[in-house]
Amino acid sequence: LDADTVLWLEEHLQEYPGAVMLITHDRYFLDRVVERMIEVSSAELTPYPGGYTEYLEAKAERMERLAVEEDKRKKLIDEKCSNVSIDLPPDTGKP
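A quick note: this is a predicted structure, and the numbers were derived from the prediction, not measured.

Parameters at a glance
Residues numbered from 1 in each chain as written. Predicted model: local features only at pLDDT ≥ 70, side-chain atom pairs only at ≥ 80, totals over all residues. Heavy atoms only, no water. Phe/Tyr/Trp six-rings, centres within 6.5 Å; stacked < 30°, edge-to-face > 60°. Buried < 20%, exposed > 50% of the residue type's maximum accessible area, 1.4 Å probe, protein only. Helix = DSSP H or I, 4+ residues; strand = E, 2+ residues; numbered from the N terminus. Patch = residues over 30% accessible without salt bridge, like charges linked within 9 Å, V, L, I, M, F, W, Y side chains within 5 Å. Areas by Shrake-Rupley, 256 points an atom, 1.4 Å probe, with all protein chains shown as cover. Salt bridge = Lys/Arg side-chain N within 4 Å of Asp/Glu carboxyl O.

Per the counting criterion, the structure on display carries two aromatic pairs. Centre to centre, the rings of Tyr 48 and Tyr 55 are 5.1 Å apart; their planes meet at 80 degrees, and the pair counts as edge-to-face. A relative accessible area of 3% places Tyr 48 in the buried class. Ring geometry for Tyr 52 versus Tyr 55: centroids 5.7 Å apart, planes at 40 degrees, classification tilted. Note that Tyr 52 and Tyr 55 are positioned in helix H3 (residues 52-82) at a spacing of three residues, about one turn of the helix. A relative accessible area of 11% means that Tyr 55 is categorised as buried. An aromatic cluster is defined as three or more aromatic residues linked by ring pairs; in this entry it consists of Tyr 48, Tyr 52 and Tyr 55.

In structure tokens, the structure reads:
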């Protein structure tokens, strides 16, 4: 779209009271127009408030938080498994 058309579209979208699904690579357009981003990944919808810049910041925070949670989960599993002792019968080589 040319600059005049983009400006016209921005103005109309900012005044539009309903919801609109936008698919664009123009991050600056998204920052000026949207109030909420919804990420679609792995059959999951994740809402983020704000424009594209806020989305990037919130997603980075979310990914960091999920990584910390995953590390805690792995440590807990390792602790639980290290306390488990399994006494197997000796292998006689016979089925």
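From this point, the narrative continues.
The next point concerns a nonpolar patch on the surface. Together, Tyr 16, Val 20 and Leu 22 line one region of the surface with nonpolar side chains, adding up to about 260 Å² of accessible area. Residue placement: Val 20 occurs in the loop between helix H1 (3-15) and helix H2 (27-33).

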